[in-house]
Amino acid sequence: MKQRVVLWALTPGLLLSAQAAQAQQALPEIQVIANTPLQGSGVDRDKVPSTVTTINAEDFQRSYSQNVTDTLFQRVPGVSLSDPNGNNSQQEIRYRGFAASPLQGTPQGLAVYMNGVRVNEAFGDTVNWDLIPTNAIETANIYTNNPIFGLNALGGAVSMQMKNGFTYQGFDADIQAGSFGRTQGSVQYGVQKDNWSAYFAAQGLTDDGWRQSSPTKLGRFYGDIGYRDDKSEFHLFGSIASSSFGVAAATPIQMLARDWSSVYTTPQTTNNDVGLIGLNAKTALTDTWSLQGNLYGRFFRQSHVDGNDADVERCSNSSSYAGHLCLEDDGFQRPDPFTGAAALAFRNQFAILDQNNQPIPCPPGSGNTCSPVPYGTIDRTNTQSNTFGGSLQATNDDKINGHGNHFVVGGSIDRGSTDFNANSTLGYIYPDLVVGINPAIPGNGSIIHTLGNVGYTPVGIHSTNTYYGLFASDTFDITERLAATAGVRYNIADISVRDMLGTSPDLNSDSRFSRINPMAGLTYKIAPWITAYGGYSESNRAPTPLELGCANPAVPCLLESFLVSDPPLKQVVGHTYEAGFRGKSALLDGNIEWKAGLFRTDSDNDIITLASFIQGRGYYQNVPQTRRQGVELSAEYKSSRWMIYAGYSYIDATYRFNGTLSSPNNPMADDDGNIFVTSGNHIPGIPQHQFKAGAEYRVTPEWKIGADLIAVGSQYYVGDDANQNQKLPGYAIVNLHTSYDVTKNVTLFAVVNNLFNNKYALYGTYFEPEGTEKAGLPITLTDTRTQVPGMPFAIYGGVKVRL
């Protein structure tokens, strides 16, 4: 929300001179933003002692993309983009090194809200960006250093406010098509009549995918019915979305060298469905007191299929299961590096059993192999989550002894209930690396499990997580230039996990995590065009039901995601320091807005994901401390014909401890599959340097052209926590766009992505090359590095109609 404060003076019979009036009109805008997930009366942005970046509807529109992540990556200096899923509609972002990812298995560090509703999923705090319609977003504010946004706000929060019939009136629709079989369209309509309003938006997309086995289908709908009078405003809103992806994931670099579009084992598919209904309300109790609140229900469904190579071999002759399949004997035993607790030894073999609890014959081969069978597994997971919640807050703007003051107090409850099940089917890896069923092979098509519940075990659980929050925040004007902010939030997380099959009793647990998180800061307006700010805050996130059920290195889980054992994890606590300058002033015939800031977040007991020796499996572990610190610079200039922006970020993300971590596929790992991390080693998957810039120019009143540049520095492969190997290279890409207004109602547009067709990778990790050596590949895989390649040159064109 923005308001312009313009003062006019009248004397008897005489207006101010034209020059004075013009000077008064040139006063800078006061930009008022909410400092909680709910939209209250808000506070002057210049009095917020931290960084707030706003992405508006125009920014989303000019990207011509239906992916929220594309616009956030392009326009926010500290946002990096990663793609462990291998599909550009299922990408993850990291802000200041903290993730908001759709991938179960990625520890999350950002809180995400839509219309005040928390959209981090109940089971793993994941964020499914693909379910959010971009054309319905009014603004997306990215906050830092503010624990009022609750759990997961370690690196910050993304709060999206959606359009309604009071903020948007009219009709527009667009359709575009182009490279790799993509066709997409969107429509929105808003209307206001007296005190009532209505708004509806829809989007759809189909794409064959530029990589093999990576098609995408998306459908989204959002609607809002509103009512307001001179004291109150109410909105009943809802959303329905469905998506289907081929998530091609990472491919060995030797295969990419032969074919940039190649994929490793398939099938790899994800299907998401969500329904949301909510009610937002606000009312003025007095001239200075107001109430804001919401109620919601959110219903999420996900199914995932993943074809992998199977870590199996012929049981040894000394085993009672000689001549049958056993879990591959690549295990190891090591104590936990931080607690000293002993882990289960994997040197003992574990037999693979079918659904009838019978061992599976293994055709004899050389040594301890089953020849000539390339065994694989088809791993399936299914998640059903229902979440209900609400928030209520009171806002007061009474002055205190003549000083401006903005006070907020409130609370929230979010309760999620999840049914999760998973299993593995024994399969056969064909030469094209498709994992299917070969009826001629004993055991193929059987849902398998392992003696000792290690590696392959069907899982069925029910979890509930209830999050309570109480918060208060106050911004006080000490002088006209100096403002102080102080606040606190008390978080409670109650998490219950129950084994529904009776096969994994170790999963049964009840956990409570709680913490009081303070914040404090100052802002000082040095001059009308520059403000200094600084602040400190603490934040926390509780382990999710997923993480609590997959924290035992002796019994690793499929990520994403089997759960088999439940040793305790500690909650993560972040300590954030931030300081900087920002300003806005007139320049030529436009305005320039800029920011420059420093930040540091130390996270105690950070949760990380570690790989297991069983391919595709892993587990979660606390580490003593991590640090993410750096610099963010940005500037944006707007005039009647120009829009120019640039941003740079430096992120130094490091471990702050010495100890061993599991990384069995790392080529530098020792015989037990471990690497040794020393304090100062960089956290993998986070590029240190990013530069982003772009411009849009109105050549004529009808014709606009624009270009965007993104340059990203190198980063360590995920799994190279000790920083011993070659880095994933940096990259730079240039995108172009143009539009032409044929009439005031019809616009033609075109987009070119990756203009110079650069080859680059968004994600890199390691794998075990021997896993598919029997599948009949045309090459022998020896390099453990895998990458998710970025999209090549693509061009799209379309038409937009406005009424």
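All figures in this text were calculated on a predicted structure; none of them were measured in a lab.

Rules of the game
Per-chain numbering applies: the sequence of each chain, read as written, is numbered from 1 onward. Note on the predicted model: pLDDT of at least 70 is required for a residue's local features to be given, and 80 or more for side-chain atom pairs to be given and counted; whole-chain, interface and lining totals, by contrast, use all residues. Values reported for side chains reflect all heavy atoms of the structure, with hydrogen atoms and water molecules removed beforehand. Buried Ala, Val, Leu, Ile, Met, Phe, Trp, Tyr and Cys residues form a nonpolar core when they are joined through side-chain atoms within 4.5 Å. Only protein chains enter the accessibility calculation, which uses a 1.4 Å probe; a residue whose area is less than 20% of its type maximum is buried, one above 50% is exposed, and one in between is partly exposed. Only DSSP runs of H or I covering at least 4 residues are called helices, and only runs of E covering at least 2 are called strands; the numbering of each starts at the N terminus. In protein, a polar contact requires one atom able to donate a hydrogen and another able to accept it; more generally it is a pair of N or O atoms within 3.5 Å, and residues adjacent in sequence count only if both atoms are side-chain atoms. Two strands form a pair only when DSSP identifies at least two bridges running between them. Here the positive residues are Lys and Arg and the negative ones are Asp and Glu; neither His nor the chain ends is included. In the sections that follow, a salt bridge refers to a side-chain nitrogen of Lys or Arg positioned within 4 Å of a carboxyl oxygen of Asp or Glu. We call two residues contacting when some pair of their heavy atoms lies within 4.5 Å. Here the aromatic set is Phe, Tyr and Trp, taking the six-membered ring for Trp, and pairing holds for ring centres within 6.5 Å; pairs whose planes are under 30 degrees apart are stacked, those over 60 apart are edge-to-face, and all others are tilted. Placement of a positive charge over a ring is assigned whenever Lys NZ or Arg CZ falls within 6 Å of the ring centre and within 35 degrees of the normal to the ring plane.

We now examine the nonpolar core. Soluble, globular proteins show a tendency: their nonpolar side chains are buried together. In this structure, I93, V112, W129, M160 and L661 are the most contacted members of the largest nonpolar core, which totals 76 residues. Ranked by the residues each element gives to this core, the list is headed by strand β35 (residues 590-611), at four residues. Ranked by size, the runner-up nonpolar core spans 17 residues in total, among them L327, I441, I448 and Y456.

Here we come to the side chain of N622. In this fold, N622 is placed in strand β36 (residues 617-638). Its relative accessible area of 13% is what places N622 among the buried residues. A distance of 2.7 Å separates the side chain of N622 from the backbone nitrogen of K570, its partner in a polar contact. Polar side-chain contacts of N622 include one of 2.7 Å to the backbone oxygen of N605.

Turning to unusual backbone geometry, a few remarks are in order. A cis amide bond, omega 5°, links T266 with the succeeding residue P267. By the secondary structure assignment, P267 is in the loop between α4 (253-258) and β20 (268-284). Non-glycine residue N152 carries a positive phi angle of around 80°. Looking at where N152 falls in the secondary structure, it is placed in the loop between β12 (137-143) and β13 (156-162). For N152, a relative accessible area of 1% gives the class buried. Even without glycine at this site, N723 takes up a positive phi of about 60°. Mapped onto the fold, N723 is located in the loop between β41 (703-712) and β42 (731-741). Here N723 falls in the buried class, since its relative accessible area comes to 17%.

A word on the pairing of β35. Where strand β34 (residues 572-587) meets β35, 15 bridges bridge the pair, whose relative direction is antiparallel. Within the sheet, the bridge partner assigned to G574 lies in β35 and is S603. Here β34 folds back onto β35 in antiparallel fashion, the turn holding two residues, of which L588 has a positive phi close to 55°.

A separate point is the sheet that holds strand β11 (residues 117-118). Working definition: the strands of a sheet are paired by backbone hydrogen bonds and lie parallel or antiparallel to each other. Judged by pairing direction, the sheet is mixed, and its five strands sit side by side in the order β6-β12-β13-β10-β11 without closing on themselves. On the outer flanks of this sheet lie β6 (52-56) and β11, each paired with one strand and no other. Of the strand pairs in this sheet, strand β10 (residues 110-114) and β11 are connected by two bridges, and their pairing is antiparallel. Note on β11: the bridge partner recorded for Y113 is R118.

By the element assignment, R220 lies in strand β17 (residues 216-228). The side chain of R220 sits in the buried core without any salt bridge; D130 is the nearest counter-charge, 6.3 Å away. At 2.8 Å, the side chain of R220 and the backbone oxygen of D130 are in polar contact. One polar contact links R220 to Q203, side chain to side chain, over a distance of 2.7 Å. The residues touching R220, leaving out its near neighbours within four places in the chain, are Q66, W129, D130, L131, I132, P133, T134, A201, A202, Q203, I240 and A241.

With that settled, the discussion passes to helix α3 (residues 68-75). With respect to burial, α3 is a largely interior element, seven of its eight residues being buried. Considered for burial, the residues of α3 that qualify are V68, T69, T71, L72, F73, Q74 and R75.

The geometry of two aromatic rings is summed up by the distance between their centres and the angle between their planes. Within the structure shown, the criterion is met by 17 aromatic pairs. With centroids separated by 5.5 Å and ring planes inclined at 75°, the aromatic side chains of F299 and F388 adopt a geometry described as edge-to-face. Within this pair, whereas F299 is found in strand β21 (residues 289-309), its partner F388 is found in strand β25 (residues 375-396), the two being separated by 89 residues in sequence. For F299, a relative accessible area of 31% puts it in the partly exposed group. Taken together through their ring pairs, the aromatic side chains of Y168, Y199, Y222 and F237 make up a single cluster. Just above the ring of F166 sits the side chain of R228; from NZ or CZ to the centre is 4.0 Å. Seen from the ring of F98, R628 lies directly overhead, with NZ or CZ sitting 4.2 Å from the centre.

Attention now goes to the pattern of salt bridges. A complete count under the given rule lists 22 salt bridges for this structure. Put simply, E636 and R75 hold a salt bridge, and the shortest N to O gap is 2.3 Å. Here E636 is found in strand β36, whereas its partner R75 is found in helix α3, with 561 residues between them in sequence. Residue classification places E636 among the partly exposed residues on the basis of a relative accessible area of 21%. Here E696 and K704 are joined by a salt bridge, their closest N and O atoms 3.8 Å apart.

Another aspect to go through is the pairing of β25. Extensive coverage of β25 is indicated by the burial of 16 of its 22 residues. Across 21 bridges, the pairing between β21 and β25 is antiparallel. When the bridges of β25 are listed, G307 appears paired with I378.

Moving on, we come to the environment of T270. Position of T270 among the secondary structure elements: in strand β20. Under the relative-accessibility criterion, T270 is labelled buried at 2%. For the pair T270 and N382, spaced 112 residues apart in sequence, the C-alpha to C-alpha distance is 9.9 Å. With near-sequence residues (within four places) excluded, T270 lies in contact with Q90, S243, S244, F245, V247, Q302, S303 and H304. A polar atom in the side chain of T270 sits 2.8 Å from the side chain of H304.

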